[in-house]
Amino acid sequence: QLQLVESGGGLVQPGGSLRLSCVASGFTLDYFAIGWFRQAPGNEREGVSCISNSGSSTNYADSVKGRFTISRDNARNTVYLQMNSLKPEDTAVYYCAARGRVCSGSRDDYRSWGQGTQVTVSS
């Protein structure tokens, strides 16, 4: 049974940075593509970024391109989301999720989810 645990969220001022981590257990992480999603109160859960199982391909939502970077360390069963130049509109609960070996931006395509970590960007 695949389990994902997010960490690294917190309160940060606009323009600041955070690094989120997603640690997998139950299976080795290299079996799965990992997506990051976020959900603000009253909003739909939206895709932020994803990375293929090997790390050979990545995708980013237009809203975060140039600011966020996804990476993975399969030996440590961990995927990271480095978030720079944070904006108030980035405030949300961030989730990581696992699916097959290639990326998808659709939340319906993911079979396993973490519990989320809160990111708040405010002055």
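Presented here is a report on the structure given in the accompanying data block. (Residues numbered from 1 in each chain as written. Predicted model: local features only at pLDDT ≥ 70, side-chain atom pairs only at ≥ 80, totals over all residues. Heavy atoms only, no water.)

1. Focus on the sheet that holds strand S8 (residues 78–83)
Stage number 1. The 4 strands lie next to each other as S1-S3-S8-S7, forming an open sheet whose pairing is antiparallel. Edge positions in the open sheet fall to strand S1 (3–7) and strand S7 (68–73), since each of these has one partner strand only. Averaged over all neighbouring strand pairs, the angle between strand axes comes to 15 degrees, with direction disregarded.
Stage number 2. Of the pairings in the sheet, the one linking S1 to strand S3 (residues 18–25) comprises 5 bridges and is antiparallel in character. When the bridges of S3 are listed, Gln-3 appears paired with Ser-25. (Pairing = 2+ DSSP bridges. Helix = DSSP H or I, 4+ residues; strand = E, 2+ residues; numbered from the N terminus. Axes fitted to C-alpha atoms, helices over the stretch in contact; angles between N-to-C directions.)

2. Details of the state of the cysteines
Stage number 1. According to the stated counting rule, one finds 1 disulfide in the structure shown.
Stage number 2. Disulfide partner of Cys-22: Cys-96, at an S-S distance of 2.1 Å. Across the S-S bond of Cys-22 and Cys-96 the torsion is about 75 degrees, and the bridge reads as right-handed. You can see Cys-22 sitting in strand S3 and its partner Cys-96 sitting in strand S9 (residues 92–99), a full 74 residues away along the chain. Cys-96 carries the same exposure label as Cys-22, and that label is buried. (Disulfide = S-S within 2.5 Å. Buried < 20%, exposed > 50% of the residue type's maximum accessible area, 1.4 Å probe, protein only.)

3. Things to note about the packing of aromatic side chains
Stage number 1. For the structure shown, the criterion picks out 5 aromatic pairs.
Stage number 2. With a centroid separation of 6.3 Å and 80 degrees between ring planes, the pair formed by Tyr-31 and Phe-32 is classed as edge-to-face.
Stage number 3. Taking the centre distance of 5.0 Å and the plane angle of 80 degrees together, the rings of Phe-37 and Tyr-110 count as edge-to-face. Linking Phe-37 in strand S4 (residues 33–39) with Tyr-110 in the loop between S9 and strand S10 (112–113), this pair joins segments that are 73 residues apart in sequence.
Stage number 4. An aromatic cluster of at least three residues, connected via ring pairs, comprises Phe-37, Tyr-95, Tyr-110 and Trp-113.
Stage number 5. The cationic tip of Arg-45 hangs over the ring face of Trp-113; the distance from NZ or CZ to the ring centre is 4.9 Å. (Phe/Tyr/Trp six-rings, centres within 6.5 Å; stacked < 30°, edge-to-face > 60°. Lys NZ or Arg CZ within 6 Å of the ring centre and 35° of its normal.)

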